[in-house]
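# Topology and contacts: notes
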Amino acid sequence: MLAYRIVDSGKGAATVVGEASIGGPFTLIDGAGDTVTEADFAGRPMLVYFGFTFCPDICPTELLNIADAIDLLPKDVAKKFQPIFITVDPERDTPDVVRDYAQNFHERMIGLTGAAEQVRAAAKAYRVYYAKEEPAGGGPYMMAHSSYIYLMDGAGRYVRHFRMGTTPEEIAAALAAYAED
């Protein structure tokens, strides 16, 4: 949902002004088993990605893109951003699992999980689609999910997103430009 208003520029064109309704309050569990809310990240822009640790390709690629983008930034700029991985598979992704998985990509990346209801509420706030997919022939299930990296400002408001396949260089350039504002 987008809250916006149309502004007539007087030149026969209109500009959409508003704020995307993405993000919001969440209560999840970190790798130490502690409860974490969006308030724990107040004042720090976040790079948020929803995925699952059993993912064979897309999630690792996108998390690596986040890690590489952070590492491309000057250290003083990089430390402003908090990379966060939120699982959509709390059944398998325990606090220990998400902690280790996230830290495999970047030492500053935080992995979050929670009860199914907590994950569902966070995903809903971020407009993330996900669904459990049971394979026809048996075996481990997979999770279908949307794949966006969200840049949230220090107040937890949506700034922009990066689509799947956005390069680390493109993400780093956008983060550097955002940090300058």
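Above this note sits the structure.
Computed from a predicted structure; not experimentally measured. (Residues numbered from 1 in each chain as written. Predicted model: local features only at pLDDT ≥ 70, side-chain atom pairs only at ≥ 80, totals over all residues. Heavy atoms only, no water.)

## Here we look at the sheet that holds strand S5 (residues 46-51)
Here we have seven strands laid out as an open sheet, ordered S4-S3-S7-S6-S5-S10-S11, and mixed in their pairing. Looking at the sheet topology across the chains shown, the edges are occupied by strand S4 (35-37) and strand S11 (158-163). Averaged over all pairs of adjacent strands, the angle between strand axes in this sheet comes to 35°, irrespective of strand direction. Sheet analysis places strand S10 (residues 148-152) next to S11, joined by five bridges and oriented antiparallel. Within S11, the position partnered with Ile-149 by the bridge is Phe-162. (Pairing = 2+ DSSP bridges. Helix = DSSP H or I, 4+ residues; strand = E, 2+ residues; numbered from the N terminus. Axes fitted to C-alpha atoms, helices over the stretch in contact; angles between N-to-C directions.)

## Concerning the environment of Glu-91
Structurally, Glu-91 can be placed in the loop between strand S6 (82-87) and helix H3 (95-105). Taking C-alpha positions, Glu-91 is 9.4 Å from Thr-113, a pair spaced 22 residues apart along the chain. Non-local contacts of Glu-91, meaning those with residues more than four positions away in its chain, are made with Lys-132 and Tyr-141. (Contact = heavy atoms within 4.5 Å.)

## A look at the packing of helix H1 (residues 58-72) against helix H5 (residues 168-180)
The interhelical angle for the contact between H1 and H5, taken along N-to-C directions, is 50°, at an axis separation of 8 Å. One element, H1, and the other, H5, form an angle in the oblique class. Regarding H1 and H5, the two cross each other, and that crossing is right-handed. Residues Asn-65, Asp-68, Ala-69, Ile-70 and Leu-72 of H1 form the contact with H5, whose participating residues are Pro-168, Glu-169, Ile-171, Ala-172 and Leu-175. In terms of residue class, the contact of H1 with H5 is built from seven nonpolar, one polar and two charged. (Parallel < 35°, antiparallel > 145°, perpendicular 65-115°, else oblique. Left-handed = near helix turned anticlockwise from the far one by under 90°. Nonpolar A, V, L, I, M, F, W, Y, C, P; charged D, E, K, R; others polar.)

## A closer look at the packing of aromatic side chains
If you walk through the whole model with that rule in mind, you get seven aromatic pairs. When the centroid spacing of 5.1 Å and the interplanar angle of 70° are considered together, the rings of Tyr-101 and Phe-105 count as edge-to-face. Placement of the pair is Tyr-101 and Phe-105 together in helix H3, with a separation of four residues, close to one helical turn. With relative accessibility at 12%, the residue Tyr-101 sits in the buried group. An aromatic cluster of at least three residues, connected via ring pairs, comprises Phe-50, Tyr-126, Tyr-148 and Tyr-150. Here Arg-92 stacks its cationic end above the ring of Phe-54, 4.3 Å away from the centre of that ring. Taking the ring centre of Tyr-141 as reference, the NZ or CZ of Arg-92 above it sits at 3.7 Å. (Phe/Tyr/Trp six-rings, centres within 6.5 Å; stacked < 30°, edge-to-face > 60°. Buried < 20%, exposed > 50% of the residue type's maximum accessible area, 1.4 Å probe, protein only. Lys NZ or Arg CZ within 6 Å of the ring centre and 35° of its normal.)

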